[in-house]
Amino acid sequence: MKPAPHRTLARRCRAWLAWAALLVLPALHAQPVPADTPPPPEAIAPAAAETPPPRIGVATMQPGEVFFERFGHDAIVVVDPISGAATSYNFGFFDPGEADFVGRFVKGEMMYYLVALPFEQDMASYQDAGRGVSIQWLDLKPEQARRLADALAERAKPENARYHYDYFTANCATMVRDYVDLALDGGLQRQLAGRSRGNTFRSEAVRLASPAWWMWLGFDLGLGPYTDKPLSRWQEGFVPMRLAESLTQVRNSEGRPLVLATQPLLPQRVAPEPPEQARHWWPWLLAGVIVGALILAGRRHRRAVAAFAAPFWLLCVVAGGLLVFLWGFTAHESAWGNRNLLLLNPLCLYLLASAWPLLRGRAPLPGFRIVAWAVVACGVLALVIHWLSIQPQFNLQWIVLLLPVHIALAAVLGRRDLPGRGR
């Protein structure tokens, strides 16, 4: 449904006003010079001949409601000192129409693009989506601003625009971070690399994905130990909002704050960024114990237990197979070595094959009991590895949830007196 004409006009007016404000802001922060103060003699001729440097800003877009908007976005804004035209250098474009797009996406070899477009055009889509936008104007030396503008213009050329996308190490925010660092001759990384707040790739991804339960579930189950290392403030910059926060704590080459001013452009009209929350493992343990106890309580009703076990084993097979694929056949390094594979065990395929005879009150496949307890042993191994902190992975909540269920199913359906009369 298209919006009413007067609302559309109002939105466009706000966008143009926000864009026009880009031209006004420097005047608000400029210090007045008395009319009777003559300029320094050495500055008269050079200043008249030298072109003023471009203004550089980092625009940060808040999270949206569509799943690929959950993590926010950013871009570098370059304002031409002569024409006043503002260009948005946006690293977040991809082409789903490419012949190999789906294959690259699955294998973790996606290609993204840097696109240079008019700033007001870039902002229109965020305004229509109700996403808040603010811009941080950077206090750079003239030569730094020119170098950054030239580097972006060169990178935006079609032959240079593509880059290999990685959600954690090469995304829209890390590219913005790296180009600002280039302008500062490495000063941004030097100031941020030695500081940490203890956040991890997993904690940030799960937090930002939490409004979409399926997305949160996929991240938490699918990420391996690579994502559980504490991040420096530099690495944390893969999240646009974290990068914007870090920029306010950085100094420029002359020791002044890097961010000259922060200018709000568009208000956030959708749900804000999810806050940080402590994650406790004991509710997961309670849920696992309750489910396991109910299975044990129903040991006389083996068909009912088998009816629960069949979809549970199917879930383990499907999820475990996906983890095997991500680890062994893709470039998704963040999913490699995932110890949730010990819980979502592909051995459950053999148990699943026994579900049908169990539902009919018959004997399971030969060796069912051995395989069932082997699955339990793998779950115990996951707990031991976690306890020993060998390449830590934050998956204790999944261990204490799923292990009691595996134990209870093995105890009830793996009894030596099977088959018994179906109940």
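That block above? That's the structure.
Figured I'd write up the structure that's included with this text.

This part is about the overall build of the protein chain. The number of helices and strands found in the protein chain is 16 helices and 7 strands. Across the 423 residues of the protein chain, 46% fall into the buried class. Pairs at least 24 apart in sequence give 77% of the contacts found in the protein chain among residues at least 6 apart.

What follows is about the sheet that holds strand β4 (residues 111–118). Across the sheet, which stays open at both edges, the 7 strands sit in the order β6-β4-β3-β2-β1-β5-β7 with antiparallel pairing between neighbours. Each end of this open sheet is capped by a strand with a single partner; those strands are β6 (162–164) and β7 (259–266). Averaged over all pairs of adjacent strands, the angle between their axes in this sheet comes to 25°, without regard to strand direction. With 4 bridges connecting them, strand β2 (residues 73–79) and strand β3 (residues 86–93) associate as antiparallel partners.

You will see that Asp185, though not glycine, has its phi angle at about 55°, which is positive. With respect to the element layout, Asp185 can be found in the loop between α6 (172–183) and α7 (187–192).

A separate point is the nonpolar core. Where a protein is soluble and globular, its nonpolar side chains tend to be buried together. Counting 50 residues, the largest nonpolar core has Ile76, Phe91, Leu140, Val180 and Phe219 as its most contacted members. In terms of residue count, the dominant contributor to this core is α6 (6 residues). If near-sequence neighbours (up to four positions away) are discounted, Val180 is found in contact with Val58, Ile76, Leu138, Leu188 and Leu258. Counting residues in hydrophobic clusters, the runner-up holds 42 residues, among them Trp313, Ala355, Ala382 and Leu403.

Thresholds applied
Residues numbered from 1 in each chain as written. Predicted model: local features only at pLDDT ≥ 70, side-chain atom pairs only at ≥ 80, totals over all residues. Heavy atoms only, no water. Helix = DSSP H or I, 4+ residues; strand = E, 2+ residues; numbered from the N terminus. Buried < 20%, exposed > 50% of the residue type's maximum accessible area, 1.4 Å probe, protein only. Contact = heavy atoms within 4.5 Å. Pairing = 2+ DSSP bridges. Axes fitted to C-alpha atoms, helices over the stretch in contact; angles between N-to-C directions. Core = buried A, V, L, I, M, F, W, Y, C linked by side-chain atoms within 4.5 Å.

Treat this as a map of the structure, not an account of what it does.
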